[in-house]
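# Coordinate inspection notes
Residues per chain are reported as follows:
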Amino acid sequence: MAFKDFLKKIFKSEQEKPKQEIKQVKISELQEYLEKELLIIKDNENNSRKQIENNIQELISNLTNQLEVLKNIDIENKKEDQRIKLLVRENLKTYITYIERFILDIQTTKNLEQTNLKLFLEKIFNLINTLEKNSRNSYEKSTILTREPGDIKEIIKNFAKDLEKKALENKPVFEKIDIIENIKKSFREIESIKTAEKEANQIIKNIKEKQKNIQEEKNAIEKELNKLKISNEYNQELNKKSEHEKNINDFNNDILNIKEKLDLKSLSKHFHSDIKKSRLISQYLENFIQALQNDTSLEIEALIKEKQPDLEINLNEIKDRHNIISQPFPMPIQEKINSINNQIRTMDFKGFEIIQEQNTQQAKIKKFKDKIKDIEKEIINKAGSLGINII
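Residues numbered from 1 in each chain as written. Predicted model: local features only at pLDDT ≥ 70, side-chain atom pairs only at ≥ 80, totals over all residues. Heavy atoms only, no water.

The subject of this paragraph is the side chain of S278. Counting through the fold element by element, S278 comes out in helix α8 (residues 275-286). S278 has contacts with F271 and H272, leaving out every residue within four places of it along the chain. (Helix = DSSP H or I, 4+ residues; strand = E, 2+ residues; numbered from the N terminus. Contact = heavy atoms within 4.5 Å.)

The following block contains the structure:
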């Protein structure tokens, strides 16, 4: 088997899993239990790593000794064409360089103290694979006239077989570590979701406090509103408003009566030949009050007297009455009531927005809880593959 196939065989091959003793663990105690399991695994990995490091040291020693043999090979004594001897000599030097580089690289793996056993093995197998790939051509050409390079290849091959055996022995452990790390990741995800859920609950708590404050403020305002509505001052204001509206209605009725008595259409016919007078009468026909306000000299009175000398109408009095009823009628209490009603509507709108936000946060919390349940199911399934029954 080529060195490059080792990783595939070791880390991806399916093996029959040994029967496991079923352990009963509460989900609340699972993380602590797994941490203890990881400590045990780490101790076992350290022992395996020490054995591998000893094997590495032995490999380096054997390769160093064999390199001396390669360096002392006398190609010139070989009975062969000079071109072939030159080819072998150059490729032997190249092969020696690759082996020396391999020795330096594999020595550095001992400095990877923080690397777990699986990554440690992968690093070594990658070095072997790289050596095989890069040195293949120089190795084959260097062995045309000598067999010594084959001894080095055999040393590395035997080392790789021992390493493969160690990796296969630890494969179930590697799988166990991967499952434990996945479970730990799931617990971290749950913690993250619980933090988000806690924040959503705090938002809801703040919302309820806002609702309480708004309701209290609304109650106080409504109390003030009801007090205003039953006050004597407001009742007097409504009575005055009613009286004012009655005056307006009486005035409008009086205007209708006056217009009927004046018979402006008949008056217009009477003065139709006089353009100026006819125009003035037309203005009164179109808008009696507006024409009266514009007719500062009351020129219409002379026309009325000429047409109806017995008719008694006081247009100045009508003007004065109109000026009085046209003035804005102050209703300060009503304005205050309107303002309070606007405040209440604003509060109701804010209350509606707050309820919407509360519903949004409650929907989030439901999703968080459902997600946690799904993750816990995954954790239970993963724990089951480790021989752990969650109780």
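Let's pick the thread back up.
Following both chains from N to C, one finds helix α6 (residues 232-262) and helix α12 (residues 332-385) inclined at 110°, their axes separated by 8 Å at the closest point. Between α6 and α12, the interaxial angle falls into the category roughly perpendicular. Of the residues in α12, those in contact with E233, Y234, E237 and L238 of α6 are P332, I333, Q334 and I337. A class-by-class count of the residues in the contact of α6 with α12 yields five nonpolar, one polar and two charged. (Axes fitted to C-alpha atoms, helices over the stretch in contact; angles between N-to-C directions. Parallel < 35°, antiparallel > 145°, perpendicular 65-115°, else oblique. Nonpolar A, V, L, I, M, F, W, Y, C, P; charged D, E, K, R; others polar.)

One pass over the structure, following the stated rule, counts two aromatic pairs. Relative to Y139, the ring of Y95 has its centre 5.5 Å away and its plane inclined at 50°; by these criteria the two rings are tilted. Of the two residues, Y95 sits in helix α3 (residues 82-108) while Y139 sits in helix α4 (residues 117-142), which places them 44 residues apart along the sequence. Across the pair, exposure class does not vary: Y95 and Y139 are buried alike. Between the aromatic rings of Y284 and F288, the centroid separation amounts to 5.3 Å while the plane-to-plane angle is 70°, which identifies the pairing as edge-to-face. Residue classification places Y284 among the buried residues on the basis of a relative accessible area of 1%. F288 sits in the buried class, given a relative accessible area of 4%. (Phe/Tyr/Trp six-rings, centres within 6.5 Å; stacked < 30°, edge-to-face > 60°. Buried < 20%, exposed > 50% of the residue type's maximum accessible area, 1.4 Å probe, protein only.)

A general trend in soluble globular proteins is that nonpolar side chains are found buried together. Ranked by size, the top nonpolar core spans 34 residues in total, and within it F102, I106, I124 and I156 carry the most contacts. Residues contacting I106, with those up to four places away along its chain left out, are I56, L59, I60, I124, L127 and F159. In this structure, F251, I281, Y284 and L315 belong to the second largest nonpolar core, which totals 22 residues. (Core = buried A, V, L, I, M, F, W, Y, C linked by side-chain atoms within 4.5 Å.)

Quick look at the side chain of E37 now. Looking at the secondary structure, you find E37 in helix α2 (residues 30-71). By relative accessible area, E37 is classed as buried at 15%. A distance of 2.6 Å separates the side chain of E37 from the side chain of K176, its partner in a polar contact. In contact with E37, not counting residues within four places along its chain, are K176 and I180. (Polar contact = N/O pair within 3.5 Å; in protein donor to acceptor, adjacent residues only side chain to side chain.)

Turning to unusual backbone geometry, a few remarks are in order. Positioned with a positive phi, D263 is a non-glycine residue whose angle comes to about 50°. If you trace the backbone, D263 turns up in the loop between α6 and α7 (264-270). One non-glycine residue with positive phi stands out, namely L298, at about 50°. Mapped onto the elements, L298 comes out in the loop between α9 (288-294) and α10 (300-307). Of the residues examined, L298 reaches a relative accessible area of 7% and is grouped as buried.

Attention now goes to the pattern of salt bridges. Tallied over the full model, the rule gives 19 salt bridges. Linking E53 and R49 is a salt bridge whose minimum nitrogen-to-oxygen distance equals 3.2 Å. Of this pair, E53 and R49 both sit in helix α2, separated by four residues, roughly a single helical turn. A relative accessible area of 22% means that E53 is categorised as partly exposed. When its relative accessible area of 9% is taken as the criterion, R49 is described as buried. Two residues, K171 and E175, come together in a salt bridge whose shortest N-O distance is 2.5 Å. Taken together, the residues K171 and E175, both in helix α5 (residues 148-229) and four residues apart, mark about one turn of the helix. (Salt bridge = Lys/Arg side-chain N within 4 Å of Asp/Glu carboxyl O.)

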